[in-house]
Structure formats: structure tokens, C-alpha cells
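# Survey of secondary and tertiary structure
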Amino acid sequence: MSVRELIVSKIKDGTVIDHIPSGRALDVLKVLRISGSENFRIAIVMNVESSKLNKKDIVKIEGRFLSKDETDIIALIAPTATINIIKNFEVVEKRKVSTPRVISGLIKCPNVTCITKHEGIETTFEVLSAGLRARCIYCNTELSYPEFVELILKQLGPKK
Ligand SMILES: [Zn+2]
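Only a predicted model underlies this, so the values are computations on that prediction, with no experimental measurement involved.

Here we take up the overall build of the chain. Counting its secondary structure elements, the chain contains four helices and nine strands. When the helices and strands of the chain are read in sequence order from the N terminus, they spell out α-β-α-β-β-α-β-β-β-β-β-β-α. At 17 Å, the chain has a C-alpha radius of gyration in line with the 15 Å of a compact globule built from 160 residues. For the chain, with 160 residues in total, the buried portion stands at 42%. With 25 positive and 19 negative side-chain charges, the chain shows a separation of 2 Å between the mean positions of the two kinds.

When cut into domains, the chain gives domain 1 (3-96) and domain 2 (102-156). Once you take the C-alpha centre of each, domain 1 and domain 2 turn out to be 26 Å apart. With nine residues of domain 1 at the interface, the matching set in domain 2 holds 11 residues. Summed over both partners, the interface of domain 1 with domain 2 comes to about 950 Å²; 71% of that surface belongs to carbon and sulfur atoms. Contact with domain 2 buries area across many residues of domain 1, yet Arg24, Arg33 and Leu76 alone supply 50% of it, more than any other trio.

In this section: the sheet that holds strand β9 (residues 142-143). One open sheet accounts for four strands, arranged β6-β7-β8-β9; its pairing is antiparallel. Where the open sheet ends on each side, the last strands, each with one partner, are β6 (102-104) and β9. The sheet contact formed by β6 and strand β7 (residues 124-128) spans three bridges and is antiparallel. For Ile103, the partnering residue across the bridge sits in β7 and is Phe125.

Next up on the list: the coordination of the zinc ion. At 2.3 Å from the zinc ion lie its protein donor atoms, namely Cys109 (SG), Cys114 (SG), Cys136 (SG) and Cys139 (SG). Geometry at the zinc ion is tetrahedral, judged from the four donor atoms that bind it and their angles of 103 to 115 degrees at the metal. All donors of the zinc ion belong to a single chain; written as a sequence motif, their spacing is C-x4-C-x21-C-x2-C. Residue Cys109 is found in the loop between β6 and β7, and its partner Cys136 is found in strand β8 (residues 133-136); the two are separated by 27 residues along the sequence. Each member of the pair, Cys109 together with Cys136, is buried.

Here is what the cut-offs are and how they apply
Position labels on residues start from 1 in each chain and follow its written sequence. In view of the model being predicted, local features appear only for residues whose pLDDT reaches at least 70, and side-chain atom pairs are presented and counted only at 80 or more, with totals across whole chains, interfaces and linings using the full set of residues. The basis for every side-chain value is the complete set of non-hydrogen atoms in the structure, without hydrogens or water. Helix and strand labels come from DSSP, where a helix needs a run of H or I of at least four residues and a strand needs a run of E of at least two; each type is numbered from the N terminus. Only C-alpha atoms enter the radius of gyration, while the globule expectation follows 2.2 Å times N to the 0.38, with N the number of residues. Each residue is assigned to one of three classes by its accessible area relative to the maximum for its type, calculated with a 1.4 Å probe on protein chains only: buried under 20%, partly exposed between the two thresholds, exposed over 50%. Residues counted as positive are Lys and Arg, residues counted as negative are Asp and Glu, and His and the chain ends are not counted. Every charge is mapped onto a representative atom, which is NZ of Lys, CZ of Arg, CG of Asp or CD of Glu. Annotation comment: domain bounds sourced from an automatic or database domain assignment. Two residues qualify as a contact provided that any one of their heavy atoms is within 4.5 Å of a heavy atom in the partner residue. Put simply, buried area is how much 1.4 Å-probe accessible surface two parts lose in total, over both of them, once they are put together. DSSP bridges decide pairing: two strands pair if at least two such bridges lie between them. Only nitrogen, oxygen and sulfur atoms within 2.8 Å of the metal, or 3.2 Å for Na, K and Ca, are treated as donors, and water is left out, so sites may look incomplete. Metal sites are grouped by the angles between bound donors: all angles between 85 and 135 degrees with four donors is tetrahedral, opposite donors over 155 degrees apart with the others between 65 and 115 is square planar for four donors and octahedral for six, and any other pattern is irregular.

Now the structure itself:
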């Protein structure tokens, strides 16, 4: 099967998240709280050739539209992503995500001695290398990508 055949099949209504850094499609679904048991039809394409990124992942979700908040969360872990909202087979909205330089108040610092644990100070992380890592500006604790995703998931709480 060619790459074209693999990725081209269209959805009627829903969301296409394209240009996800390769290997992160499953994390994108996780932060959207989609496990596959919700009955949406989902296509996940991983590690396909991309002119922009060398390799990329694509996620298509039929019957599900993303909110602004969900777009912002995706920006944290997939800064290159483009989000297309599809209605009746047409792209009705294109969103480009933008990764913030700092993240305030979203995730907790894992360092138990960090001042943000004790003084009622809002946590602030500097985003390093376009969503690959983040660093606490108070104690310099650096989060690797998997830790970062885990803390985001923890903050989002159990699925509603
Ligand atoms: Zn800290």
C-alpha cells in the first residue's frame, strides 16, 4: 500500500490532526482523553514521510471536534501540529497550534523541595526545544518529554 492510499481516506465530519511529530500520535489521543472505547472512528497513521518534518504522524477522528482548550493542550506536546476541522468532507477551519514559551499554573513541579510546593506560588515552566522538554523557573528541575506528558495527564485528571 502506498503512503497516499494509507492516509488519504476522507472523513465526513470530525477532526484531522496532521504534522504531529513522529511517534506522538498516541500521546495526542491520551491528552484528548480518547482511549478508543468512545465509539468514534479513529485513524492513526504513524511515521509517514513528510516534506515538512521528515516523518510525521496523523490522527483522524470522525464525529469529534476539538475545543480551543484541547488545541492548546496539543500545542504543548505537538508544536508542529495542524488541526483541520472537517464538515461534510470539507475543511471548514484550519488551526495552527502555537506553543507557549512558558506554561503557568498547569502542571505541578515534581521537585518536593520546590518553592512552588510551599509558598502558594503558581508554577511556571519554561518550554525548551519546542515542546520536547520543560524546566521549572524556580528550581530548574527539567522534565523530559515522557514526564511532561505524564504531568499534563495527571493535571487533566481522570476522564469524565
Ligand atoms: Zn520547581
